[in-house]
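What follows is the residue order along each chain.
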Amino acid sequence: MAAAPATEPPADVGDADDMVVTAWEVSGKIDYNKLIEQFGSQAITPALIEKFERVTGCKAHPWIRRGIFFSHRDLDMILDNYAAGKPMYLYTGRGPSSEALHLGHLIPFLFTKYLQDVFKCVLVIQMTDDEKFLWKDLQLDECHRLGFENAKDIIACGFDISKTLIFSDLDYVGHMYPVIVKIWKAVTYNQVKGIFGFEDKGVPGEPGYEPVNIGKHAFPAVQAAPSFPAAFPHIFGAGNNTVPCLIPCAIDQDPYFRMTRDVAPRLGFLKPALIHSKFFPALQGAQSKMSASDESSAIFCTDTPAEIKKKVNKYAFSGGQQTEEEHRKLGGNCDTDISYQWLTFFEHDDAKLARIKEEYSSGRMLSGEIKGELIKCITPLVQRHQSARAKVTDEIVKTFMTPRKLAL
Ligand code: TYM
């Protein structure tokens, strides 16, 4: 059977302001309203937040109320399903390419922990060791090892062991292979090229030439497969196509799931629902990239209190004025100030955040002082994470990573 043409829009979003958001590149000044328009997702409205609170009986997370999780696909369907008392599951993932996660990587996992508490449901977490092998200059064993190590940081976020499966693609792929081959057959080569825009880099025979391997074209089906319950026969029963899936992630991962949603009805599967976050910005400012390979761009889960203090004081982009006199007169700019932006993620006390905003933008609070507020806020958070991680033994990781029956 020939695959129908893709109906959801292509992944690359560049515009006059050089905004680029793909699964591999996020750069330029990001206009999130424009992204919603161009990706074809929906904004999370006050009415939807009200429905979320009414249906779940739980207060919306500050990241929903503050517009950090700002966009969705079919979240209302998930709420209706929950209200009807039917099962659902959550799916998220990590591409293990570095030893330590940075605070940005923690966002979807901390939020997923909240969603697991709210919906009291099964969660599957994909470690795409295969993806990182295909994309990075890393050995296969190393990607697998990093997946195991990263799983400790993920478990430290507090997931329920009786309801959570973490799986390495390399180890688990056989269980979901029937779903993967069905996706491969239903998506054409041109559709994958259209969605992901894979192109060879450089000129054959010249230095720096990087041809696109066939694994990159095949991989999107591997990230798509866990969106379908049939990929987890030991959890949902063989061939299950009735339990809907909700995927929390930053919006960079949306291209994978546009392809997934497009192919789902052709395979008789439900489209997965999504809830998308904005990007947690780099220390140097919203337009530079937070990277696991650039120590100064981010705070890592492994950083000590002294490192946190040094990095924030030295690198956090300031929205303050050039001189104290000017700052007292004109005030700081919270829209560009990274300390304030990071506080919007991690200072969960609304009244305190509002007071900091008022003090800083009126000029009463100086740049050094708002940096001090940020250090006070994130240092205990990172320390708590480190002590939770230290308690995660290899045995605990192995249990989380064993395919088994979970409490639905
Ligand atoms: P990875 O390892 O690049 O990122 C893991 C998760 O972190 C999100 N993320 C961020 N969120 C907020 N601010 C940031 N600065 C930031 N940087 C990364 C990503 O959106 C992602 O949710 N291919 C994926 C792994 C994967 C996956 C999934 C992710 C497999 N299946 C299903 C989400 C949902 C990857 O390499 O993620």
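Counting secondary structure elements, the chain contains 18 helices and nine strands. Its C-alpha atoms give the chain a radius of gyration of 22 Å, within 12% of the compact-globule value 22 Å for 408 residues. Put simply, the chain has 408 residues, and 52% of those count as buried. Sequence separation of 24 or more characterises 77% of the internal contacts of the chain that already satisfy a separation of 6 or more. Placing the 46 positive and 51 negative side-chain charges of the chain at their respective mean positions leaves the two points 5 Å apart.

Another aspect to go through is the layout of surface pockets. Considered as a void within the structure, the second largest pocket measures approximately 460 Å³ in volume. Considering the residues around the second largest pocket, the lining is formed by 21 residues, among which Leu-110, Phe-346, His-348, Leu-381 and Arg-384 are closest to the centre. Elements supplying a minimum of two residues to the lining of the second largest pocket: α5 (103-119), α15 (338-346) and α17 (367-390). The element best represented in the lining of the second largest pocket is α17, accounting for seven residues.

Within helix α4 (residues 75-83), burial applies to Leu-75, Ile-78, Leu-79, Asn-81 and Tyr-82. On an axial view of α4, the arc spanned by its buried residues comes to 160°, and they lie on one face. Buried residues along α4 sit against α2 (46-56), β4 (69-73), α5, β8 (245-250) and β9 (273-277). Positioned one or two residues after α4, Gly-85 has a phi angle of 75°, which is positive.

Summed over all chains, the structure comprises zero disulfides. Cysteine Cys-121 shares no disulfide, and the gap to the nearest cysteine sulfur, in Cys-245, comes to 9.4 Å. Note on Cys-121: relative accessible area 3%, which makes it buried. With no disulfide of its own, Cys-301 lies closest to Cys-157 among cysteine sulfurs, the gap being 7.5 Å. Under the relative-accessibility criterion, Cys-301 is labelled buried at 4%.

A word on the packing of helix α10 (residues 214-224) against helix α12 (residues 254-263). One can describe the packing of α10 onto α12 by two numbers: an axis separation of 9 Å at closest approach and a directional angle of 75°. Classified by the interaxial angle, the pair formed by α10 and α12 is roughly perpendicular. Every residue of α12 that contacts α10 at Phe-219, Pro-220, Ala-221, Gln-223 and Ala-224 is listed here: Tyr-256, Phe-257, Met-259 and Thr-260. When the residues that make up the contact of α10 with α12 are grouped by side-chain class, the tally is seven nonpolar, two polar and no charged.

When you tally the buried positions in α10, you get nine out of eleven residues, the bulk of the element. Residues of α10 that are buried include every one of Gly-215, Lys-216, His-217, Phe-219, Pro-220, Ala-221, Val-222, Gln-223 and Ala-224, and no others. Next to the buried residues of α10 lie β5 (89-94), β6 (122-127), α6 (129-135), α8 (169-186), α9 (189-196) and α12. Capping of α10 at its N-terminal end is provided by Asn-213; its side-chain oxygen lies 3.1 Å from the backbone amide nitrogen of Gly-215.

Running from amino to carboxyl end, α5 crosses α15 at an angle of 25°, the nearest separation of the two axes being 12 Å. Viewed along their axes, α5 and α15 adopt a mutual orientation that is roughly parallel. In this structure, α5 meets α15 at a crossing whose hand is left-handed. On α15, the residues touching Leu-103, Ile-107 and Leu-110 of α5 are Trp-342, Phe-345 and Phe-346. Here the contact of α5 with α15 is composed, by residue class, of six nonpolar, no polar and no charged.

Moving on to unusual backbone geometry. The phi angle at Asp-74 is positive, at roughly 60°, despite the residue not being glycine. Its place among the elements puts Asp-74 in the loop between β4 and α4. Exposure remark for Asp-74: the relative accessible area of 26% places this residue in the partly exposed category. Even without a glycine there, the phi angle at Lys-120 is positive, about 50°. Its location among the elements puts Lys-120 in the loop between α5 and β6. Exposure remark for Lys-120: the relative accessible area of 49% places this residue in the partly exposed category.

Moving on, we come to the pairing of strand β7 (residues 164-168). Every other side chain in a regular strand lies on the same face of the sheet, so the side chains alternate between the two faces. Summarising burial for β7: five of the five residues are buried, a large majority. Every second residue of β7 is oriented toward a common face, with Thr-164, Ile-166 and Ser-168 on one face and Leu-165 and Phe-167 on the other, all of them buried. Both β6 and β7 contribute to a ladder of five bridges, which runs parallel. When the bridges of β7 are listed, Leu-123 appears paired with Thr-164.

All right, on to the sheet that holds β6 then. The strands that make up a sheet pair up through hydrogen bonds in the backbone, lying either parallel or antiparallel. Strand order in the open sheet made by the seven strands is β3-β4-β9-β8-β5-β6-β7, with mixed pairing throughout. Both outer strands of the open sheet, β3 (42-43) and β7, are each paired with one neighbouring strand and no more. Looking at chain direction, β5 and β6 are connected through six bridges and run parallel. In the sheet register, Arg-94 faces β6, and the bridge partner there is Met-127.

Around the ligand, the surrounding shell holds 23 residues, and the nearest of these are Gly-95, Glu-131, Gln-223, Asp-252 and Phe-280. In the model, a nitrogen atom of the ligand is placed 3.3 Å from a nitrogen or oxygen of the Gly-104 main chain. The separation between a nitrogen atom of the ligand and a polar main-chain atom of Phe-280 is 2.8 Å. With the chains in place, 93% of the 680 Å² that the ligand exposes on its own is no longer accessible. Those elements giving two or more residues to the shell around the ligand turn out to be β5, α5, α6 and β8. The biggest single contributor to the shell around the ligand is β5, with four residues. In terms of residue class, the shell around the ligand is built from nine nonpolar, nine polar and five charged.

So, how was this worked out
- Residues numbered from 1 in each chain as written.
- Predicted model: local features only at pLDDT ≥ 70, side-chain atom pairs only at ≥ 80, totals over all residues.
- Heavy atoms only, no water.
- Helix = DSSP H or I, 4+ residues; strand = E, 2+ residues; numbered from the N terminus.
- Rg over C-alpha atoms; globule rule 2.2 N^0.38 Å.
- Buried < 20%, exposed > 50% of the residue type's maximum accessible area, 1.4 Å probe, protein only.
- Contact = heavy atoms within 4.5 Å.
- Lys, Arg positive; Asp, Glu negative; His and termini not counted.
- Charge placed at Lys NZ, Arg CZ, Asp CG, Glu CD.
- 1 Å grid on protein atoms, 1.4 Å probe; cavity = no way out; pocket = protein on both sides within 12 Å on 5 of 7 lines; lining within 4 Å.
- Points joined across faces, edges and corners; volume = space filled by probe spheres on them.
- Arc of directions from axis to C-beta.
- Disulfide = S-S within 2.5 Å.
- Axes fitted to C-alpha atoms, helices over the stretch in contact; angles between N-to-C directions.
- Parallel < 35°, antiparallel > 145°, perpendicular 65-115°, else oblique.
- Nonpolar A, V, L, I, M, F, W, Y, C, P; charged D, E, K, R; others polar.
- Polar contact = N/O pair within 3.5 Å; in protein donor to acceptor, adjacent residues only side chain to side chain.
- Left-handed = near helix turned anticlockwise from the far one by under 90°.
- Pairing = 2+ DSSP bridges.
- Near = heavy atom within 4 Å.
- Areas by Shrake-Rupley, 256 points an atom, 1.4 Å probe, with all protein chains shown as cover.

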